[in-house]
Amino acid sequence: MNSKPPVCAASTPLSMPAASNTYDYVQLDDGERASTPLAEEVALAIAYNGLNQAVMLVSPTDLEDFAVGFSVGSGIVEGTAEIYDLKLSGSGSAMYADIEISSRAFWNLKNQRRQLAGTSGCGLCGVEALEQALPELTELPGAPLPPAAWLVGLRQRIDQFQPLGQHCGAVHAALFMDRNGELLLGREDIGRHNALDKLIGALLRREISTDGGLAIVTSRCSLELIQKVLRAGIQTLVSLSAPTGLALQWARKHNLNLIHLPKHSAPRVYSPAAES
């Protein structure tokens, strides 16, 4: 791996391809012509030690963060110490990430081979066995809930960490708030899983401690997001959309603080379970 990269609060687009471009359209009612920016996506082929593993559709921003976060969040490696090298190549809509990992991780990968036909809309494509969808994960030690004041006006405060979303929409965001209640960084992507992978990768590559902090996702909170947060060791997850029942069950089972922040009411603590 390269030396620790500098902290960048918001997503940083690659110079090529662009994260968004402007496209013409015609209004259906009056035929008037106009143009608008649209979010771009590229196909990123990921290979480990020369073995093709996945093709994911992603926004062309922070691809190094994504590759690291995907590797850890998917359980392919246990941490950045098992990632020896990462090289990006390609152009246009076809990009490649060649990742060199430890012999231990590569052996496990070959034994649990999963061909993932990646899309922006689902996170379990290509999982071939039930134990892959519901793996055994380590229970977190547990952490205090964040002060309610940290979440006041959060929906408005995260706008500055969503430059792509503010520009053209159609993207999800994942953010990290540190142990002092300060929003530290954010990542965006067309895929909600991808955005969280990018955030996890950014935290790991910059060696940012997650102790006492929390992750925030703007998307629907389903099981796959819970699993990624657990593997990253983040102890509190705040979702701007309601969690699924299975996501809640896993959060409680694994000692993860799970909080839903509705638009027009107080934050709802789903995990740990409320005492009767």
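Because the structure is predicted, anything quoted here is derived from the model rather than measured.

Asks: Quick rundown of the sheet that holds strand β9 (residues 183-189)? Include the residues and the values.
Replies: Taking strand neighbours across the sheet as the criterion, the 6 strands line up as β9-β8-β10-β11-β12-β13 in an open arrangement whose pairing is mixed. A single partner strand is all that each edge strand has here, and the edge strands are β9 and β13 (268-271). Strand-to-strand twist in this sheet, taken as the mean axis angle between neighbours without regard to direction, amounts to 20°. The strands that helix α6 (residues 192-205) touches are β8 (172-177), β9 and β10 (214-217); relative to β9, the one it contacts most, it runs at about 140°.

Asks: A description of the pairing of strand β12 (residues 257-260) should follow, citing residues and the corresponding values.
Replies: Burial of the side chains of β12 extends over both faces: N257 and I259 are buried on one face and L258 and H260 on the other. With 4 bridges connecting them, strand β11 (residues 236-239) and β12 associate as parallel partners. When the bridges of β12 are listed, S239 appears paired with H260. Running through helix α8 (residues 245-253), the crossover from β11 to the neighbouring parallel element β12 is right-handed. Bridge count between β12 and β13: 3 bridges; the pairing is antiparallel.

Asks: Please provide a residue-by-residue account of the confidence of the model for the protein chain, values included.
Replies: For the protein chain, the mean per-residue pLDDT works out to 87, and 87% of the residues sit at or above 70. Low confidence marks residues 114-120, where pLDDT is under 50. Its contacts with residues over four positions away, or in another chain, come to 26 contacts.

Asks: Quick rundown of the packing of helix α7 (residues 223-232) against α8? Include the residues and the values.
Replies: Describing two packed helices takes the angle between their axes plus the distance from one axis to the other. Relative to each other, α7 and α8 sit at 25°, their axes nearing to 8 Å. Overall, the two elements α7 and α8 adopt an arrangement that is roughly parallel. For the pair α7 and α8, contact is made by L223, I226, Q227 and L230 and by L246, A247, W250 and A251, respectively.

Definitions and cut-offs
- Residues numbered from 1 in each chain as written.
- Predicted model: local features only at pLDDT ≥ 70, side-chain atom pairs only at ≥ 80, totals over all residues.
- Heavy atoms only, no water.
- Pairing = 2+ DSSP bridges.
- Helix = DSSP H or I, 4+ residues; strand = E, 2+ residues; numbered from the N terminus.
- Axes fitted to C-alpha atoms, helices over the stretch in contact; angles between N-to-C directions.
- Contact = heavy atoms within 4.5 Å.
- Buried < 20%, exposed > 50% of the residue type's maximum accessible area, 1.4 Å probe, protein only.
- Right-handed = clockwise from strand over helix to strand, strands pointing away.
- pLDDT = per-residue confidence, 0-100.
- Parallel < 35°, antiparallel > 145°, perpendicular 65-115°, else oblique.

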